[in-house]
Amino acid sequence: MRLKRLTLTDFRNYERCVWEPKAPIAVLTGENGSGKTNLLEAISLLSPGRGLRNAPLNQFYRQNAPHSQTVQWGIAAQLENRGQEFSLSTGSQPRATTQLSHTKNARRVFLIDGEAKRNQSEIAAIARCVWLTPQMDRLFTETTSGRRRFFDRLVMGLYPDHASQMAAHERSVMSRNRLLTTPHPDALWLNSIEESISRHAVAATAARMSFIERMNGLSLFEKDFPCTNIIIHCEIAALLKNHPALYVEDWLREQLKTSRETDAEKASTSYGVHKSDFSLIDRATKRSAALSSSGQQKLMLLGVILHQALLVHETWGTMPFLLLDEPLVHLDKSKRGALLTTLTHLKSNVFLTGTEYENFEPIKSQAAFYTVKNGFIQSR
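Residues numbered from 1 in each chain as written. Predicted model: local features only at pLDDT ≥ 70, side-chain atom pairs only at ≥ 80, totals over all residues. Heavy atoms only, no water.

**What to know about the packing of helix 3 (residues 144-158) against helix 4 (residues 161-180)**
Remark: helix 3 packs on helix 4, axes separated minimally by 7 Å, with the N-to-C direction vectors making an angle of 135°. In terms of axis orientation, helix 3 runs oblique to helix 4. Contacts from Asp152, Val155 and Met156 of helix 3 reach helix 4 at His162, Ala163 and Met166. (Axes fitted to C-alpha atoms, helices over the stretch in contact; angles between N-to-C directions. Helix = DSSP H or I, 4+ residues; strand = E, 2+ residues; numbered from the N terminus. Parallel < 35°, antiparallel > 145°, perpendicular 65-115°, else oblique. Contact = heavy atoms within 4.5 Å.)

In structure tokens:
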């Protein structure tokens with residue numbers, strides 16, 4: 001997969017930008033706030049989901065645009081895959097009354113070769129992205145919800161149905177929480193909702209476990225990046241290791257039924273995939289990421305991301321776009337060199353950002369360099 005041309009219209013700080021990367025590896029340098037991350041985010045939005053910032057749609061509009069209440073944002077790409085070219089675009093939905101386009105009810109649309117697509121699995125089949133951002137450096141010292149989002153996004157890269165399982169589970173949990181707080185909740189309705197939670201929770205957990213098994217079996221970058229094991233902390237996963245799925249579904253339904261009274265008091269659901277957590281363990285030293293230095297954590301995350309890209313290629317036959325925002329932060333000189341060398345050996349479109357051009361000089365003969373400033377991109 002190659003990105004041949006990217007066109008941004010009223011997206012973030014870009015009024016109108018047409019960019020044609022000249023090499024498989026593109027290095028974007030510039031001051032903070034110049035628009036480097038915005039560009040990576042635009043590429044990430046060519047795949048299903050909310051992009052590398054997980055931002056709501058109303059944040060994509062160019063905020064200082066004239067008549068900002070009626071402006072529409074758009075991202076269009078010309079892609080090449082196995083010798084064939086096609087166009088993929090996404091943006092805000094055109095409306096007869098565009099003043100509604102910034103509301104929470106606004107929708108995002110996708111077009112492939114000009115034809116609207118409602119099924120995002122069609123988009124996932126042709127555009128896949130794997131990314132690393134500076135915010136992920138804090139992944140193992142912050143909230144469990146952030147870790148779940150990170151790992152579930154990786155799982156979705158291999159198993160697209162995981163997104164629908166997670167969404168259905170979340171809707172059912174929210175419905176159960178609302179129903180439990182009403183006077184005399186209907187038992188049959190609760191049974192139905194808890195049946196849905198159990199079914200989707202077991203399916204989602206099975207996908208997580210399959211992904212972890214495949215990731216933990218890889219050690220292709222051991223020379224430069226520590227081999228890590230992903231650990232899932234989850235009662236459902238523990239049961240699935242030794243029992244069939246139907247048994248675990250029955251167990252989960254029973255737990256949900258017996259916890260109704262306490263859950264009603266807390267207005268929450270005590271069992272489900274939303275209670276899981278993940279951790280990374282260095283395979284050689286058994287040291288957890290949470291107890292590692294910033295540099296060690298960054299290396300562990302980079303190893304996970306690179307292995308994820310290879311698994312996507314193994315599963316779908318095409319390398320994903322690699323979007324690495326400030327990837328050299330926290331790395332010493334030798335590890336920076338190791339990362340850059342590794343990237344040149346991957347048959348993938350790689351997009352890197354940084355504030356200092358000099359840090360990327362080891363690949364100056366193999367990459368195209370660009371300067372980003374105030375929403376404009378220039379070849380260096």
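Right, picking up where we left off after that structure.
**Regarding the packing of aromatic side chains**
Summed over the entire model, instances satisfying the criterion amount to 11 aromatic pairs. Considering the side-chain rings of Phe151 and Phe278, the 4.8 Å spacing of their centres and the 25° angle between planes classify their relative orientation as stacked. Residue Phe151 is found in helix 3, and its partner Phe278 is found in strand 10 (residues 277-282); the two are separated by 127 residues along the sequence. When its relative accessible area of 1% is taken as the criterion, Phe151 is described as buried. In this structure Phe278 comes out as buried when scored by relative accessible area, which is 3%. Relative to Phe225, the ring of Phe221 has its centre 6.4 Å away and its plane inclined at 85°; by these criteria the two rings are edge-to-face. For the cation-ring pair, Arg128 lies above Trp316, with the distance from its terminal atom to the ring centre recorded as 3.9 Å. Arg380 extends its terminal NZ or CZ atom over the ring of Tyr357, reaching a point 4.0 Å from the ring centre. (Phe/Tyr/Trp six-rings, centres within 6.5 Å; stacked < 30°, edge-to-face > 60°. Buried < 20%, exposed > 50% of the residue type's maximum accessible area, 1.4 Å probe, protein only. Lys NZ or Arg CZ within 6 Å of the ring centre and 35° of its normal.)

**Concerning the pattern of salt bridges**
Taken as a whole, this structure holds 21 salt bridges when the rule is applied. Of the charged contacts, one joins Lys22 and Glu20 as a salt bridge, the two residues approaching to 3.7 Å between their closest N and O atoms. (Salt bridge = Lys/Arg side-chain N within 4 Å of Asp/Glu carboxyl O.)

**With respect to the side chain of Arg176**
As for its placement among the helices and strands, Arg176 is situated in helix 4. For Arg176, a relative accessible area of 0% corresponds to the buried category. Arg176 has contacts with Leu190, Ile193, Glu194, Ile197, Leu256, Ser259, Arg260, Asp263, Ser268 and Thr269, leaving out every residue within four places of it along the chain.

**What to know about the state of the cysteines**
Applying the stated rule across the entire model yields 0 disulfides. There is no disulfide at Cys17, and the cysteine sulfur nearest it, in Cys129, is 17 Å away. On the basis of relative accessibility, which here comes to 7%, the residue Cys17 falls in the buried class. (Disulfide = S-S within 2.5 Å.)

**Section: the pairing of strand 11 (residues 321-324)**
Where burial is concerned, the two faces of strand 11 agree: the one with Phe321 and Leu323 and the one with Leu322 and Leu324 are both buried. As paired elements, strand 8 (residues 129-132) and strand 11 share 4 bridges and run parallel to each other. Counted as the bridge partner of Trp131 is Leu323 from strand 11. As paired elements, strand 11 and strand 12 (residues 350-354) share 3 bridges and run parallel to each other. Looking across to strand 12, one finds that Leu323 is bridged to Phe351. For the segment spanning strand 11, helix 10 (residues 333-345) and strand 12, crossover handedness is right-handed. (Pairing = 2+ DSSP bridges. Right-handed = clockwise from strand over helix to strand, strands pointing away.)

**Some points on the UniProt feature "binding site: ATP" (unreviewed entry) in the protein**
Following the UniProt record, the feature "binding site: ATP" (unreviewed entry) maps to Gly30, Glu31, Asn32, Gly33, Ser34, Gly35, Lys36 and Thr37 here. Considering the arrangement of structural elements, one finds Gly35 in the loop between strand 3 (25-29) and helix 1 (36-44). Taking the relative accessible area as the measure of exposure, Gly35 reaches 6% and is therefore buried. Apart from the residues within four sequence positions on either side, Gly35 is in contact with Asn13, Tyr14 and Val372. With residues near it in sequence (within four places) discarded, Thr37 still touches Leu52, Arg53 and Asp325. (UniProt positions renumbered as here; feature names shortened; annotations may be inferred.)

**Focus: the sheet that holds strand 2 (residues 14-19)**
Strand order in the open sheet formed by 6 strands is 2-1-4-5-6-7, and the pairing between neighbours is antiparallel. Unpaired on one side and paired on the other, strand 2 and strand 7 (115-117) mark the two borders of the sheet. With strand direction ignored, the average angle separating the axes of adjacent strands in the sheet is 20°. The pairing of strand 1 (residues 2-11) with strand 2 spans 5 bridges and is antiparallel. Pairing of Leu8 across the sheet is with Cys17, part of strand 2. Packed onto the sheet, helix 1 meets strand 1, strand 2 and strand 4 (74-81) and runs at close to 115° relative to strand 1.

**Looking at helix 5 (residues 187-216)**
Compared with the 44 Å implied by 1.5 Å per residue over 30 residues, the 42 Å span of helix 5 between its first and last C-alpha is a close match. The backbone nitrogen of Leu188 lies 3.0 Å from a side-chain oxygen of the residue at the head of helix 5, namely Asp186. (Expected span 1.5 Å × (residues − 1). Polar contact = N/O pair within 3.5 Å; in protein donor to acceptor, adjacent residues only side chain to side chain.)

**Thoughts on the domain arrangement of the protein**
In terms of domains, the protein is made up of domain 1 (1-128 + 318-379) and domain 2 (134-315). Each of domain 1 and domain 2 was reduced to a C-alpha centroid, and the two centroids are 28 Å apart. With 19 residues of domain 1 at the interface, the matching set in domain 2 holds 19 residues. Taken together, both faces of the contact between domain 1 and domain 2 bury some 1,600 Å²; the carbon and sulfur share is 74%. Here domain 1 is connected to domain 2 by 0 salt bridges. Of all the secondary-structure elements, those providing two or more residues to the side of domain 1 that touches domain 2 are strand 11 and helix 10. Each residue belonging to the side of domain 1 that touches domain 2 can be placed in one class, and the counts come to 11 nonpolar, 4 polar and 4 charged. (Domains from an automatic or database assignment. Buried area = accessible area lost by both parts, 1.4 Å probe. Nonpolar A, V, L, I, M, F, W, Y, C, P; charged D, E, K, R; others polar.)

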